[in-house]
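# A look at the structure
Single-letter residue listing:
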Amino acid sequence: MNIVHVAPAPVSEHALTATVRTRDGVELATDVYLPEGALTEPGPTILVRLPYDKAAGSAFPMAEYARYMTERGYRVVLQDVRGKFRSGGASVLFVHEVNDGFDTIDWVINQSWSNGKVGMSGNSYYGYTQWAAVSSRHPALRAIAPRVTGTMLGEPPRELAPGVREVEQSIILRYPLTFFHSADSYFWDMDWSERPWTDQIERFFDEVGGRSVSFDLFYPHPARLQRFPDGSPFEAPAIPVLLTIGWWDNCAPWSWEDRRALQQRSSWSANEYLRIEAIDHYNFVFDHPDRSIEPTPVQMRERLSRALDPTLDFFDVFLRNGAPPTSIPRVTWDLVNGERRTEAQWPPASATTRTLYCTADGVLAEAPNAEESRVTWVHDPLHPVPSAAGDPFRYLLDQPDERELLERDDVVVWRGPAFTDDFVLAGPVSFSAAVQSDGPVMDVIVRLYDLAPGGAATLITRGQVSVETAALRHVEVDMLHAGYLVRPGHRLAVSVCSTDAPDFVPQPGTGEDPWTATTFASNTQTLVLSGDSGILTVTIGESTWK
């Protein structure tokens, strides 16, 4: 087993090191970056609390991240969360971030360089720590900018309806092994062909010399952790929030759930500013020439600019009162294959819905089947439909052409007619169907594609549910949202299958726990095509269906 052990990187020469003592006596390692000449002058502060080493980082080198923001005049505080890298305490994900966030904000506003106004910024887990701080209700927290994250980040699969739940992302169990085993990080690759998978996890514990408390909380009996002891962040007093969602972010389902929660509360809805960008979790951009794992200084500067300039413009309004709130668009969204647009709302006011039907002859059509029919495929757990990209967090690093997946016998596909004009998708997408399996559990994985005239298949969006299938049952698959321009000559296609491995954990076909399964069975899966089943609902912009 090849395990890469990552210890803390050297602290930047530009950082002032400090320690924040929490209410229970744990000391949190903290680096402070100040603008030139700001040693005594008070000003607004941007706080970033992360588990990825404040001296190194994950998506961005954090010292450069901080210094980019100090150039705009902000004081920046980077902190290793409890139990990570140089901070004390136990390494347990999620549960301490509310109180530790409150205590850190309290420390910030008592420094000579602080004017008492604090904003928070960051991606992924350090987007989650922003929502945790919101739930603490600290009055000095004036605005947040969570990016590609969610309040339910990393939660075990939820039950959506009786007998229907989310399909399990494999990262949910692997994340606490990699990032929350202990203070340092450990990177290693699972051999998905070696069963049972739990044996590899136990070997990892043996080699690193200890278990992960966070993993044991999640497996084999998932604990619903009390992330927000003071109540949901959305029950706290509303503050301005710049919510950024990526079209190809594997964590986008949690982002869209937060967006729904914001819209359900008038005070939060009035304070929400939404950005939807053509990015994946690591901020790689669709069709962008920069796809380097090790970017040059110029490339990194451009990446920081793309990610942070909108955040800093937002903070200029709400931490500095430098411009009226109306200067920030309510909605900014990337039309893939088109231009960046702004709106007063999402979906756009001009958007309408269109229902398309999967027909018995493999066509995505405007009219339903005249008679009920059925399509079947075989789910073989030992030969699953493979995930298209090498790393789900860096989907756009590969930006795969998925045409080969559509040729598999265990993937059912419906193709629409070629468009004669530009066609714009702009809003939610969903799929509804009646399904059944001769196995105990059936995963229904639905993808929407742009098919080019030459055959290339570009993923637009996807959704998935896991169903207990003792009898035929109807399911609704939330495929999130799309903002996509389909060019003339291109077609839409929708596919249905039962695996997307290893991004999602494949069912063994026997009803056993996939992580411990040693026996496997192929299952015949069935989808009914009728007037109310096999239906794709899309939201279209100013286009018409031609």
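Here the structure is a predicted model, which is why all the values come from computation and not from measurement.

A word on the nonpolar core. Among the nonpolar cores identified, the biggest contains 164 residues, and Trp248, Leu425, Phe431, Leu492 and Leu536 are the most heavily contacted of them. Tallying contributions element by element places helix 9 (residues 297-318) first for this core, with nine residues. Those residues in contact with Phe431 that lie beyond four places of it in its chain are Cys358, Val446, Val475, Glu476, Val477, Met479, Val494, Val496, Leu527, Gly534, Ile535 and Leu536.

Once that is clear, we can look at the pairing of strand 2 (residues 16-21). Relative to strand 3 (residues 27-33), strand 2 is paired through six bridges, and the arrangement is antiparallel. Its bridge partner lying in strand 3, Ala18 is registered against Thr30. Joining the antiparallel neighbours strand 2 and strand 3 is a turn of five residues, in which Gly25 adopts a positive phi near 90 degrees.

Counting across every chain of the model gives 34 salt bridges. With a shortest N-O distance of 2.8 Å, Arg72 and Asp313 are connected by a salt bridge. With Arg72 in the loop between helix 1 (62-70) and strand 5 (75-80) and Asp313 in helix 9, this residue pair connects regions lying 241 residues apart in the sequence. Its relative accessible area of 26% is what places Arg72 among the partly exposed residues. Residue class for Asp313 comes out partly exposed when judged on its relative accessible area of 38%. A salt bridge links Glu277 to Arg147; the nearest nitrogen and oxygen atoms lie 2.9 Å apart. Placement of the pair is Glu277 in strand 12 (residues 272-277) and Arg147 in strand 7 (residues 141-147), with a sequence separation of 130 residues. The same class applies to Glu277 as to Arg147, namely buried. Through salt bridges with shared partners, a single network forms among Arg158, Glu166, Glu257, Arg260 and Asp478.

Another aspect to go through is the sheet that holds strand 8 (residues 159-161). In spatial order, the strands read 8-9-21-20-23-18; together these six strands make up an open sheet with antiparallel pairing. Either end of the sheet is taken by a strand with one partner, and the two such strands are strand 8 and strand 18 (412-415).

Here we come to the packing of helix 1 against helix 9. The interhelical angle for the contact between helix 1 and helix 9, taken along N-to-C directions, is 50 degrees, at an axis separation of 10 Å. By the angle between their directions, the pair helix 1 and helix 9 is classed as oblique. As helix 1 runs across helix 9, the sense of the crossing is right-handed. Here helix 1 contributes Glu64, Tyr65, Tyr68 and Met69 to the contact with helix 9, which in turn contributes Met300, Arg301, Leu304, Ser305, Leu308, Asp309 and Leu312. The class makeup of the residues in the contact of helix 1 with helix 9 is seven nonpolar, one polar and three charged.

A complete count under the given rule lists 34 aromatic pairs for this structure. A centroid spacing of 5.8 Å and a plane angle of 40 degrees characterise the contact between Tyr128 and Phe228, whose relative ring orientation is tilted. In this pair, Tyr128 sits in helix 3 (residues 125-136) while Phe228 sits in the loop between helix 6 (213-218) and strand 11 (241-246), placing the two residues 100 residues apart along the sequence. The same class applies to Tyr128 as to Phe228, namely buried. Among the aromatic residues, those joined into a ring-pair cluster are Tyr52, Phe60, Tyr65, Phe94, Tyr125, Tyr126, Tyr128, Tyr175, Phe179, Phe180, Phe187 and Phe228. Looking at Arg227, its charged tip hangs above the ring of Phe94, at a distance of 3.7 Å from the centre. Just above the ring of Tyr273 sits the side chain of Arg330; from NZ or CZ to the centre is 4.5 Å.

Here the focus is helix 9. Look at helix 9: 30 Å from first C-alpha to last across 22 residues, which is about the 32 Å you get at 1.5 Å a residue. Maximal helix bending in helix 9 amounts to about 40 degrees, located at Leu308; proline Pro310 follows within four positions.

In the segment running from Arg195 into Pro196, the intervening peptide bond is cis, with an omega of -10 degrees. Within the fold, Pro196 resides in the loop between strand 10 (185-187) and helix 5 (197-208). Of the consecutive residues Tyr219 and Pro220, the connecting peptide bond is found in the cis state with omega at 5 degrees. Structurally, Pro220 can be placed in the loop between helix 6 and strand 11. Residues other than glycine seldom take positive phi values, yet Gln399 does so here, at roughly 40 degrees. We classify Gln399 as buried; its relative accessible area is 17%.

Here helix 2 (residues 97-109) crosses helix 3 at 75 degrees, and the two axes come no closer than 8 Å. With respect to helix 3, the element helix 2 is oriented roughly perpendicular. In this structure, helix 2 contributes Glu97, Val98, Phe102 and Ile105 to the contact, and helix 3 contributes Tyr125, Tyr128, Thr129, Ala132, Ala133, Ser135 and Ser136. Considered class by class, the residues forming the contact of helix 2 with helix 3 number seven nonpolar, three polar and one charged.

Let's shift gears to the sheet that holds strand 4 (residues 43-50). In spatial order, the strands read 2-3-5-4-6-7-11-12-13-14; together these 10 strands make up an open sheet with mixed pairing. Since the sheet does not close on itself, it has two edges, and those belong to strand 2 and strand 14 (340-343), each with one partner. Mean inter-strand twist for the sheet, computed between neighbouring axes without regard to direction, equals 20 degrees. Sheet topology note: the strand 13 (residues 331-334)/strand 14 ladder contains four bridges and is antiparallel. Considered in strand 14, the bridge of Asp334 is made with Arg340.

Checked against the element boundaries, Thr45 lands in strand 4. For Thr45, the contacting residues outside a window of four places in its chain are Arg75, Val77, Val108, Trp113, Ser114, Lys117, Val118, Gly119 and Leu319.

With that settled, consider the environment of Ser430. The topology assignment puts Ser430 in strand 19 (residues 423-437). Through-space distance from the C-alpha of Ser430 to that of Val477 is 5.6 Å; in sequence the pair is 47 residues apart.

Rules behind the numbers
- Residues numbered from 1 in each chain as written.
- Predicted model: local features only at pLDDT ≥ 70, side-chain atom pairs only at ≥ 80, totals over all residues.
- Heavy atoms only, no water.
- Core = buried A, V, L, I, M, F, W, Y, C linked by side-chain atoms within 4.5 Å.
- Buried < 20%, exposed > 50% of the residue type's maximum accessible area, 1.4 Å probe, protein only.
- Helix = DSSP H or I, 4+ residues; strand = E, 2+ residues; numbered from the N terminus.
- Contact = heavy atoms within 4.5 Å.
- Pairing = 2+ DSSP bridges.
- Salt bridge = Lys/Arg side-chain N within 4 Å of Asp/Glu carboxyl O.
- Axes fitted to C-alpha atoms, helices over the stretch in contact; angles between N-to-C directions.
- Parallel < 35°, antiparallel > 145°, perpendicular 65-115°, else oblique.
- Left-handed = near helix turned anticlockwise from the far one by under 90°.
- Nonpolar A, V, L, I, M, F, W, Y, C, P; charged D, E, K, R; others polar.
- Phe/Tyr/Trp six-rings, centres within 6.5 Å; stacked < 30°, edge-to-face > 60°.
- Lys NZ or Arg CZ within 6 Å of the ring centre and 35° of its normal.
- Expected span 1.5 Å × (residues − 1).
- Bend = angle between axes of the 7 residues up to and from the residue.

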